[in-house]
Amino acid sequence: MPDYSPGLAGVPAAKSKISYLDGQKGILEYRGFRIELLAEKSNFIETAYLLLFGRLPAAAELRRFSADLCSHRRIKYRITDLMKCLPEHGHPMDALQAAVAALGMFYPAKNVRDPEIQSNSSVRLIAKLPTIVAAHARMRHGDDPIPPRDDLGHSANFLYMLTGQAPDPLMAEVLDVALTLHAEHTMNASTFSGLVTASTLADAYTVVSSAIGTLSGPLHGGANEQVIDMLLEIGSKANVRPYLEKKLADGEKIMGFGHREYKVKDPRSSILQKLMPRMFEQYGRSPLYETAQEVERVGVALLGSKGIHPNVDFFSGIVYEKMGIDKDLFTPVFALARVVGWLAHWIEQLKDNHIFRPTEIYEGEHERQYLPIDQRP
Ligand SMILES: CC(C)(COP(=O)(O)OP(=O)(O)OC[C@H]1O[C@@H](n2cnc3c(N)ncnc32)[C@H](O)[C@@H]1OP(=O)(O)O)[C@@H](O)C(=O)NCCC(=O)NCCS
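Residues numbered from 1 in each chain as written. Predicted model: local features only at pLDDT ≥ 70, side-chain atom pairs only at ≥ 80, totals over all residues. Heavy atoms only, no water.

Caption draft 1: Inspection of the packing of helix α11 (residues 223-234) against helix α14 (residues 287-303) at higher detail. Relative to each other, α11 and α14 sit at 90°, their axes nearing to 10 Å. Here α11 lies roughly perpendicular to α14, going by the angle between them. Residues Ile228, Met230, Leu231, Leu232 and Ile234 of α11 touch α14, and the partners they reach there are Leu288, Thr291, Ala292 and Val295. Taken together, the residues that form the contact of α11 with α14 break down as eight nonpolar, one polar and no charged. (Axes fitted to C-alpha atoms, helices over the stretch in contact; angles between N-to-C directions. Helix = DSSP H or I, 4+ residues; strand = E, 2+ residues; numbered from the N terminus. Parallel < 35°, antiparallel > 145°, perpendicular 65-115°, else oblique. Contact = heavy atoms within 4.5 Å. Nonpolar A, V, L, I, M, F, W, Y, C, P; charged D, E, K, R; others polar.)

Here it is as structure tokens:
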């Protein structure tokens, strides 16, 4: 019996060529490209192509891929109707999971090993997730969904479908970078859960709906929401040190700090942070960011020696808040990006599939007596 590792910590669950992370040096690469390079020179759609197919597209390939994505943005009215029936106070992640599971009924794609089916399912999912999230966000407030606009890019169109207004180019650019940064992150919990589902040869919609369910938990996708709550609770720069010291004295964690893999500052959080001054210059200062800067300064002084630094969630919530995105949509926005990583791993898994069937250490009883119900204590 091999050693038991709770949570499978440190146990390799796959061989992969998709992304690489060095947590000591703060390096993240997608398909061998440093994340800083992709954030600066690429965009979410080109990065999606890179992650799915393993190389940067030629100009004509990228044009075709973008046009394909654009033509699949619309969702069936029955998907909209399905979401209309969900309770308006329910969490948008649950609505997203239900809608994605239902999507698969409209696009049967059982031959999952067929590269064309893999590509078509991937395009549909990447294209339709933003429409689903935006439609649900509007309908729960009693508004009609806004159909996608083909003349807008992926990120700009998402903000348009949420608000009804074509966003300022800088807003769209910052969201696009945030999506690029969240598109993939090696073997995390949601990717693993997607792979377990994929290993049974379930279709892409089922794989992605499993992964969405896993992402919805507060230990995975939900931290950026909690960072905003923490910053609001702190209220002012002056209150930062006493607040953090009390949290640590009470044995509580500082939200947006620490990472299982990174022992230095998460490179994605540095990239987002560099974009923020431009945003605030154009759209006005953010008191939350001013508090966050102080939290970073004091937090690193208190925790840096233990390898605990800001992670990507520390700044992403502040960016989304400035875009006017509701707090409970932060995790669905994460899903719009991470769907690419889930699909890339799905395609990779199917090249050499083995059904996931780990073992367990039985610690229960044996050979018990069955007592009729009237004789049980
Ligand atoms: C992300 C996270 C779950 C990683 O955890 P991990 O690598 O399993 O580390 P552990 O939770 O075992 O913590 C190890 C030590 O660091 C401390 N620590 C970790 N993150 C901390 C934080 N955010 N604030 C204060 N202390 C922290 C723990 O208290 C523990 O201290 P101890 O050794 O004295 O008991 C953890 O850092 C965390 O909960 N962070 C806050 C939530 C968050 O931002 N999540 C988003 C992740 S992208």
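Caption draft 2: A look at the packing of aromatic side chains. On inspection of all chains with the given rule, the structure shows ten aromatic pairs. Measuring from ring centre to ring centre gives 5.3 Å for Phe257 and Phe314, while their planes differ by 80°; the resulting arrangement is edge-to-face. Of this pair, Phe257 sits in the loop between α12 (240-249) and α13 (267-283) while Phe314 sits in helix α15 (residues 312-322), placing them 57 residues apart in sequence. Here Phe257 falls in the buried class, since its relative accessible area comes to 10%. On the basis of relative accessible area, Phe314 is assigned to the buried category, the value being 0%. The ring of Tyr160 has Arg149 lying over it, and the distance from NZ or CZ to the ring centre is 5.1 Å. One Lys or Arg, Arg376, reaches over the ring of Tyr370 and ends 5.3 Å from the middle of that ring. (Phe/Tyr/Trp six-rings, centres within 6.5 Å; stacked < 30°, edge-to-face > 60°. Buried < 20%, exposed > 50% of the residue type's maximum accessible area, 1.4 Å probe, protein only. Lys NZ or Arg CZ within 6 Å of the ring centre and 35° of its normal.)

Caption draft 3: Structural view of the site of the ligand. In the neighbourhood of the ligand, 15 residues make up the surrounding shell, with Lys253, Ile254, Gly256, Phe257 and Asn311 lying closest. Here Phe257 contributes a backbone N or O atom positioned 2.8 Å from a nitrogen atom of the ligand. Contact distances for the ligand include 3.0 Å between an oxygen atom and a side-chain N or O atom of Arg260. Starting from 850 Å² of accessible surface for the ligand in isolation, the protein chains cover 63%. (Near = heavy atom within 4 Å. Polar contact = N/O pair within 3.5 Å; in protein donor to acceptor, adjacent residues only side chain to side chain. Areas by Shrake-Rupley, 256 points an atom, 1.4 Å probe, with all protein chains shown as cover.)

Caption draft 4: Just the nonpolar core, in detail. Counting 111 residues, the largest nonpolar core has Leu125 and Val295 as the members making the most contacts within it. Top contributing element to this core by residue count: helix α16 (residues 330-351), with 14 residues. Residue contacts for Val295: discarding those within four places in its chain leaves Met230, Leu231, Ile234, Val240, Leu244, Ile254, Phe257, Val300 and Phe314. (Core = buried A, V, L, I, M, F, W, Y, C linked by side-chain atoms within 4.5 Å.)

Caption draft 5: Representation of the sheet that holds strand β3 (residues 33-34). Taken in spatial order, the three strands line up as β1-β2-β3 in an open sheet, and their pairing is antiparallel. Strand pairing shows two members of the sheet lacking a second neighbour, β1 (19-22) and β3, which therefore form its edges. (Pairing = 2+ DSSP bridges.)

Caption draft 6: Main features of helix α10 (residues 204-215). Counted at 1.5 Å a residue, the expected span for α10 with its twelve residues is 16 Å, and the 16 Å between its end C-alpha atoms agrees. Within the span of α10, buried status applies to Ala204, Tyr205, Val207, Val208, Ser209, Ala211, Ile212 and Leu215. On its buried face, α10 is in contact with α5 (92-106), α6 (115-139), α9 (189-198) and α16. Measuring from the side-chain oxygen of the N-cap residue of α10 to the backbone nitrogen of Tyr205 gives 3.2 Å; that N-cap residue is Asp203. (Expected span 1.5 Å × (residues − 1).)

Caption draft 7: Local environment of the packing of helix α8 (residues 169-182) against α16. Orientation of α8 relative to α16, taken along the N-to-C sense of each, is 65°, at an axis distance of 7 Å. Relative to α16, the crossing made by α8 is right-handed. Two secondary-structure elements touch here, α8 through Leu175, Leu179 and His182 and α16 through Val333, Phe334, Leu336, Ala337 and Arg338. (Left-handed = near helix turned anticlockwise from the far one by under 90°.)

Caption draft 8: Molecular detail of the pairing of strand β2 (residues 27-30). Relative to β2, β1 runs antiparallel, the two being bridged by four bridges. In the sheet register, Leu21 faces β2, and the bridge partner there is Leu28. The pairing of β2 with β3 spans two bridges and is antiparallel. Residue pairing across strands places Tyr30 opposite Phe33, the latter belonging to β3. Hairpin connection from β2 to β3: two residues lie between these consecutive antiparallel strands, with Arg31 at a positive phi of about 50°.

Caption draft 9: The arrangement of the side chain of Thr131 in detail. By the secondary structure assignment, Thr131 is in helix α6. For Thr131, the side chain forms a polar contact with the main-chain oxygen of Arg73, separated by 2.6 Å. Ignoring any residue separated from it by four or fewer positions in sequence, one finds Thr131 in contact with Arg73, Ile75, Pro148 and Met161.

Caption draft 10: Inspection of helix α3 (residues 59-71) at higher detail. With 13 residues, α3 should reach 18 Å at 1.5 Å per residue; the first-to-last C-alpha distance of 18 Å fits that figure. Among all positions in α3, only Glu61, Leu62, Phe65, Leu69 and Cys70 are buried. Summarising the axial view, the buried residues of α3 lie within an arc of 170°, below the 170-degree limit, and thus occupy one face. Across α3 from its buried face, at more than 90 degrees, point the exposed residues Ala59, Arg63, Arg64 and Ser71. (Arc of directions from axis to C-beta.)

Caption draft 11: Main features of unusual backbone geometry. Of note, Thr186 is a non-glycine position whose phi angle comes to about 45°, a positive value. Along the chain, Thr186 falls in the loop between α8 and α9.

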